[in-house]
Amino acid sequence: MGAFKIDDAEFQAWAKEVQAKASNPAQLKSELQQSLKRVGVQAMRRVSNSTPVDTGNLRRGWTIEGPFIGGAIISLQLSNNVEYAPFIENGHRTRGGGGWVEGRFMLRDTVEAISGELPGLLTPGFMRAMEGLL
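Residues numbered from 1 in each chain as written. Predicted model: local features only at pLDDT ≥ 70, side-chain atom pairs only at ≥ 80, totals over all residues. Heavy atoms only, no water.

### Section: the overall build of the protein
Thinking step 1. Regarding its fold elements, the protein presents 6 helices and 4 strands.
Thinking step 2. Going residue by residue from the N terminus, the α and β elements of the protein occur as α-α-α-β-β-α-β-β-α-α.
Thinking step 3. A buried classification covers 24% of the 134 residues belonging to the protein.
Thinking step 4. In the protein, the share of contacts with a sequence separation of at least 24, taken over all contacts with a separation of at least 6, comes to 54%.
Thinking step 5. Carbon and sulfur atoms make up 56% of the accessible area of the protein, which amounts to about 9700 Å² in all. (Helix = DSSP H or I, 4+ residues; strand = E, 2+ residues; numbered from the N terminus. Buried < 20%, exposed > 50% of the residue type's maximum accessible area, 1.4 Å probe, protein only. Contact = heavy atoms within 4.5 Å. Areas by Shrake-Rupley, 256 points an atom, 1.4 Å probe, with all protein chains shown as cover.)

Here's what the structure looks like:
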């Protein structure tokens, strides 16, 4: 096997430039957290509005936690601990087993909708910080 050499000088120069521009990583993280909070508020609003109401217990059961930032993972956790929430979300058999009630897909539809709205939910400060890095 022959040895080969890779000249990564251009990459190293770019990496140094990005490092120099990222002079305030705490501000970038703060802007990212603010953006994620905006995403969370919009997700809570959307999932709550799409939740069917009988007693209101299911609608009041939605909670959001985060943002969580660790390594390459950035996440929010939207959940509902009401006992029957999965049955409303995914569908269920009727009593006696004779029929099927279709799911309402409140959470699934919210995640899909929010995914499409992400660019508009990012804060202007975060976008400026990212543009400065690239």
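After presenting the structure, the write-up continues.
### Quick look at the packing of aromatic side chains
Thinking step 1. This model, assessed by the stated rule, comprises 0 aromatic pairs.
Thinking step 2. If you follow R108 out to its NZ or CZ, it ends over the ring of F105, 4.0 Å from the centre. (Phe/Tyr/Trp six-rings, centres within 6.5 Å; stacked < 30°, edge-to-face > 60°. Lys NZ or Arg CZ within 6 Å of the ring centre and 35° of its normal.)

### What to know about the pairing of strand β2 (residues 73-80)
Thinking step 1. Where strand β1 (residues 62-70) lies against β2, 7 bridges are found, and the strand directions are antiparallel. Bridged to I64 within β2 is L78.
Thinking step 2. From the end of β1 to the start of β2, which pair antiparallel, there are 2 residues, and G71 there has a positive phi angle of about 60°. (Pairing = 2+ DSSP bridges.)

### So, the packing of helix α2 (residues 25-49) against helix α5 (residues 106-121)
Thinking step 1. Interaxial distance between α2 and α5 falls to 9 Å at its minimum, and their mutual angle equals 145°. Every pair of crossing elements has a handedness; the one defined by α2 and α5 is right-handed. In this structure, α2 contributes S35, R38, V39, Q42, A43, R46 and V47 to the contact, and α5 contributes M106, L107, T110, A113, I114, E117, L118, G120 and L121.
Thinking step 2. Across the contact of α2 with α5, the residue classes break down as 9 nonpolar, 4 polar and 3 charged. (Axes fitted to C-alpha atoms, helices over the stretch in contact; angles between N-to-C directions. Left-handed = near helix turned anticlockwise from the far one by under 90°. Nonpolar A, V, L, I, M, F, W, Y, C, P; charged D, E, K, R; others polar.)

### Remarks on the side chain of S35
Thinking step 1. Its place among the elements puts S35 in helix α2.
Thinking step 2. When neighbours within four sequence positions are excluded, S35 is seen to be in contact with L121, L122, T123 and F126.

### Some thoughts on the nonpolar core
Thinking step 1. One finds V39, A43, V47, L58, W62, L78, V82, A85, M106, I114 and L121 forming the largest nonpolar core, which totals 11 residues.
Thinking step 2. Setting aside chain neighbours within four positions, we find L78 in contact with A43, M44, V47, W62, T63, I64, L107 and T110. (Core = buried A, V, L, I, M, F, W, Y, C linked by side-chain atoms within 4.5 Å.)

### Description of the environment of V82
Thinking step 1. One can find V82 in the loop between β2 and α4 (85-90).
Thinking step 2. In this structure V82 comes out as buried when scored by relative accessible area, which is 12%.
Thinking step 3. When the C-alpha positions of V82 and W62 are compared, they lie 8.4 Å apart, and in sequence the two are 20 residues distant.
Thinking step 4. Contacts of V82, omitting those with residues within four sequence positions, involve N57, L58 and G61.

### Considering the pattern of salt bridges
When the charged atoms of two side chains lie near each other, side chains of opposite charge can form a pair.
Thinking step 1. Counting across every chain of the model gives 2 salt bridges.
Thinking step 2. Ionic pairing is found between R108 and D109, a salt bridge with its closest N-O pair at 3.1 Å.
Thinking step 3. Among the residues examined, R108 registers a relative accessible area of 40% and is labelled partly exposed. (Salt bridge = Lys/Arg side-chain N within 4 Å of Asp/Glu carboxyl O.)

As far as function goes, none of this settles anything; it's purely spatial.
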